[in-house]
Amino acid sequence: MERLESYLKEHFDVPAKNPSEEAQRRWRSAVGLVKNRRRRFRMVPDLDRRSQDEAQRQSIQEKIRLALVVQKAAITFIDGAKHKDYRITEDIIKAGFSINPDELASITSKHYVKALKMHGGADGISKKIRSSFDHGISSSDLDTRQNIYGVNRYVEKPSRSFWMFVWDALQDMTLIILMVCALVSAVVGLASEGWPKGMYDGLGIILSILLVVMVTAISDYRQSLQFKELDNEKKKIFIHVTRDGSRQKISIYDLAVGDIVHLSIGDQVPADGLYIHGYSLLIDESSLSGESDPVYISQDKPFILAGTKVQDGSAKMMVTAVGMRTEWGRLMSTLSEGGEDETPLQVKLNGVATIIGKIGLMFATLTFVVLMVRFLIEKGLTVGLSKWYSTDALTIVNYFATAVTIIVVAVPEGLPLAVTLSLAFAMKKLMNDKALVRHLSACETMGSAGTICTDKTGTLTTNHMVVDKIWISEVSKSVTSNSSLEDLTSAISPVTLSLLLQGIFENTSAEVVNEKDGKQTVLGTPTERAIFEFGLKLEGLDAEDRTCTKVKVEPFNSVKKKMAVLVSLQNGVYRWFTKGASEIIVQMCDMVIDGDGNSVPLSEARRKNILDTINSFASDALRTLCLAYKEVDDFNDDADSPTSGFTLISIFGIKDPLRPGVKDAVKACMSAGIIVRMVTGDNINTAKAIAKECGILTDGDVAIEGSEFRSKSPEEMRDIIPKIRVMARSLPLDKHTLVTNLRGMFREVVAVTGDGTNDAPALHEADIGLAMGIAGTEVAKESADVIVLDDNFTTIINVARWGRAVYINIQKFVQFQLTVNIVALVINFVSACITGSAPLTAVQLLWVNMIMDTLGALALATEPPNDDMMKRPPVGRGESFITKVMWRNIIGQSLYQLVVLGVLMFAGEQFLNIKGADSKSVINTLIFNSFVFCQVFNEINSREMEKINVFRGMVTNWIFIAIIAVTVVFQVVIIEFLGTFASTVPLNWQLWLLSVGLGSVSLIVGAILKCIPVTKSNEPPASQNGYAPLPSGPDDI
């Protein structure tokens, strides 16, 4: 066992995330004896093809980069023509447009400034494509627009048909050899025994092969459909556009030329377009051109390309080209998908299959040699070796077919494929439970997660925020009702109220938009929406101060933890408004507005009072934000907002209630040995209050601020990290450092959540990156392994449950299959050595192979998770996959089956008093029938590797019940009606009862085996004397 494990670690060990090419090539070269390379490696990427794709991508990116850097010179380089004559066809004129689609696309893709000016700039282009900056396009002419200018899709490789999977299944080398044997058998049989008797053996093998091929192809095809569906879900990206005069959220595939797209930080640009209006728009073009320096977009440089990402700022963009008319579309269509990286379990089970396959090949060869030696000795002693008959050829062909079929059974081709089946099933179920798994290995790895570093806002809390309290003019007030709002307006001066409202409405990323039904709604982040709606309630929409003009905007940044806006007042003075993390804004202030509405110096006493108020709000689990302003006479376009000299206006206390079910989910994590750590940008008191409420922070645990954590030395970090449960006021870099140290210092399997663009490095570094589906940016989602579609912490726990289910289900399947392997190999080999014949024929072994391979995988690898899975510690890095518990069950069941079948083989006729000419056929049929029923009951046994009660939850698992039922029914049909093809004879009811009885004893054997204590690798013996304690309740049985 230890040698097996060390061999697997040496040759078949790859990391779950970002494996090196060297590791990937190492295990591929170590795989030997593959029956069907096309099927086995269908879900494994072709590394040579991937390298070619990467080289091709870099070549195209270099061309695009040259086009962007050396615009005019590059036009000739890319298109081979300096000038093109674009005609406006009859179709374009008839549709009401006045610019050729290719010309429009080339203006943006080639940054053709001269052509843009010739058409009247963005404004002129909008008229020619019948679009409006304020109204957008009309949905009524969407089809016409897409017919002329194209749809926003690129050409993809067509899906594989069902018959391609049938063809793949037929590539199995052993099945091809068996088909040849079957044809030889049929030809020899017809020559020696005539029609139709001579056809039966060969035809039986052919029909069995066709059945195996069809069942395999159906299973593989269904898997491919599931992966296709999941792949389509991954590509679903929604964006905000102005269309029909209202703000709408649409799929990128519904985007059309002329649409007005709203871009914000973290968005992926869905199409080529022209910049209309925005603030500090910074575009990362590295994915398209390979250029790492971001590009500043403005009215002078208005070209925005599809596939690039918004690094900073926000803007409106008018779409000018979609789909295959964009450089991104052409780039994506030239590249294949590249294939999903293999998962650690797939690789490990390829190793197990290789080892067992080599053993099986040795046994098959020995079986054939022994059978041939015995045959030749018997023939030499009876008729001599000089005389040969057609029946001798038939016997040799049958021996060879039996040996090949032993290889079919012995090489567990289904082991690595069962992982894919189980993962596909789990990913489909998780999709229904609001978790989109982007990478196969994430589902598998999540089952081993020992730490979850989670955000607070929107993950542990509801993200439905309202302003609960406000501190202004040196007084703190609750603002939850209309009467309290009236009290507030009467308590503060008109000047203070005007400043407050101006700060709310000008310094915000929220906006009021018109919906399709004519209603107005507020769009923006939950925090921005809460403050904006508070402003609307305070004075109504008419109170928005339009006597100032926005000059400069600095969007919220998770590093700076603040946002700012510069407005120009009517008197020529400029005013900065800034809003953000309370401690940071207070530190920037040296003045405050007092009760009379005057700006007064921020004395130490006042500062202490303000900090006490912030802590008071935070202790009530409220998020705190401060609003401040500063007036300046002049400003520098290139300079950032000031960092001092501000006057504090107000402190907002925003309520964000805990999500229902979070407490139970955290409790479930603790019982499962998973440590939950909250990493948030919020105030430490707010974070501690929420963490205590949901059970993350308990006595003896540590809550720390990001700044303090950053200042720790590596030795201090080693001491404190195991105790940290809350990290507040953290930067994205702090999250990355925590994740790196947990993985490096403590060998933890770490899952981390993130939603912002700056979370991408931590999501990439973690074993499992979990991006938020609602609050998450496209950049974060692209770096993540799983997208939590409802942003709910409970969903994350569900991913962990399914991850554990996948791991345990594959262990069950391996235990079941290895038992069948051992018994089939030993029984045929021993029988060949002693009796000169194999009791299980080629057709019978093919049926057994289908039971233990495709059907067994379907039955055991698709078991849903149960609550018990979350009551055991996670599997650590480097732990053995085939555990001592599994070896105990495999060896015990194999010994029982070998004893039963051995007794039937060598003493069955005597014990059961079976006489007559067909007694040998009856015994062989009984052996086959008993063997199959032993596997049926062992399949039930394998549902629980440690607990005696194997029937718990079986009734609700209709897939398992259906497969057991199909196996039993088909076994009856084979025995009673297909004996001619399967070399069986009908059995009487007593022998049927005996077969089922011998099989069912496996349940009793399984229960006895589970009472034998086995020391697990990750825990000490149950007691000093080595005996396991008695079960304490029904759940432990």
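Residues numbered from 1 in each chain as written. Predicted model: local features only at pLDDT ≥ 70, side-chain atom pairs only at ≥ 80, totals over all residues. Heavy atoms only, no water.

## Examining a nonpolar patch on the surface
What counts is decided by this rule: Like charges are joined within 9 Å and nonpolar side chains (Val, Leu, Ile, Met, Phe, Trp, Tyr) within 5 Å, but only among residues with over 30% relative accessible area and no salt bridge; these make up the patches. For the area figures, the Shrake-Rupley method with a 1.4 Å probe applies, and any residue is considered shielded solely by the protein chains shown. What counts as a salt bridge is simple: a side-chain nitrogen of Lys or Arg found within 4 Å of a carboxyl oxygen of Asp or Glu. Elements are defined by DSSP. Helices are runs of H or I of four residues or more, strands are runs of E of two residues or more, and each kind is numbered from the N terminus. Classification of residues uses two cut-offs on accessible area relative to the type maximum, computed with a 1.4 Å probe and protein chains only: under 20% is buried, over 50% is exposed, and between them is partly exposed.
A cluster of nonpolar side chains, Met173, Ile176, Val180 and Val184, forms an exposed patch at the surface whose accessible area comes to about 310 Å². Summarising the element assignment, Ile176 is placed in helix H12 (residues 173-193). Given a relative accessible area of 32%, Ile176 falls into the partly exposed group.

## Looking at the side chain of Ser106
Condition: The contact criterion used is simple: two residues touch if any of their non-hydrogen atoms lie within 4.5 Å.
Mapped onto the fold, Ser106 is located in helix H7 (residues 101-109). Classification of Ser106 by relative accessible area gives buried; the value is 8%. In this structure, Ser106 is in contact with Tyr86, His111 and Tyr112, ignoring residues within four places of it in sequence.

## Quick word on the packing of helix H16 (residues 344-382) against helix H32 (residues 793-834)
The angle between the axes and the distance between the axes are what describe a pair of packed helices. Using the following cut-off: The axes are straight lines fitted to the C-alpha atoms, using for helices just the contacting stretch, and the angles between their N-to-C directions are given from 0 to 180°. Any angle that falls under 35 degrees is termed roughly parallel, while one over 145 is termed roughly antiparallel, one within 65 to 115 roughly perpendicular, and all others oblique. Each residue is assigned to one of three groups, with Ala, Val, Leu, Ile, Met, Phe, Trp, Tyr, Cys and Pro labelled nonpolar, Asp, Glu, Lys and Arg labelled charged, and all others, Gly among them, labelled polar.
Where H16 contacts H32, the two axes come as close as 9 Å, and the packing angle between them is 10°. What the angle tells us is that H16 and H32 run roughly parallel. Contacts between H16 and H32 involve Leu345, Leu349, Ile356, Gly360, Phe363, Leu366, Thr367, Val370, Leu371 and Arg374 on the former and, on the latter, Tyr807, Ile810, Val814, Leu818, Asn821, Leu825, Asn828, Phe829, Ala832, Cys833 and Ile834. Taken together, the residues that form the contact of H16 with H32 break down as 16 nonpolar, four polar and one charged.

## Describing unusual backbone geometry
Positive phi, normally seen in glycine, also occurs at His111, with a value near 50°. The residue His111 is located in the loop between H7 and helix H8 (113-118) in this model. In this structure His111 comes out as buried when scored by relative accessible area, which is 12%. A positive phi angle is found at Ser473, which is not glycine, with a value near 55°.

## Looking at the environment of Thr841
Within the secondary structure, Thr841 sits in the loop between H32 and helix H33 (842-860). Overall, the relative accessible area of 22% leaves Thr841 in the partly exposed class. Between the C-alpha atom of Thr841 and that of Ser481, which follows or precedes it by 360 residues, the distance is 83 Å. With sequence-adjacent residues up to four places away left out, Thr841 is seen in contact with Ala982 and Ser983.

## Considering the domain arrangement of the protein
Selection rule: Start and end points for every domain follow an automatic or database-based domain assignment. Here the quantity called buried area is the accessible surface, traced with a 1.4 Å probe, that two parts lose on coming together, added over both.
When the domains of the protein are assigned, the result is domain 1 (28-82), domain 2 (89-152 + 255-336), domain 3 (158-236), domain 4 (344-415 + 809-1011), domain 5 (435-461 + 659-791) and domain 6 (466-473 + 483-543 + 558-634). Here the C-alpha centroids of domain 4 and domain 5 sit 47 Å apart. Listed per partner, the contact involves 10 residues of domain 4 and 17 residues of domain 5. Across the domain 4 to domain 5 interface the summed buried area is about 950 Å²; carbon plus sulfur atoms make up 51%. Considering only the surface of domain 4 that becomes buried against domain 5, Met870, Pro874 and Arg877 emerge as the three largest contributors, covering 63% of it.

## Points about the side chain of Asn889
Put simply, the rule is: N or O atoms closer than or at 3.5 Å make up a polar contact, with two conditions inside protein: a donor-capable atom paired with an acceptor-capable one, and, for residues adjacent in sequence, both atoms drawn from side chains.
In this fold, Asn889 is placed in helix H34 (residues 884-912). Since its relative accessible area comes to 4%, Asn889 is described here as buried. Looking at Asn889, its side chain comes within polar contact range of the side chain of Gln815, at 3.1 Å. Discounting chain neighbours no more than four positions away, the residues touching Asn889 are Gln815, Met945 and Leu1009.

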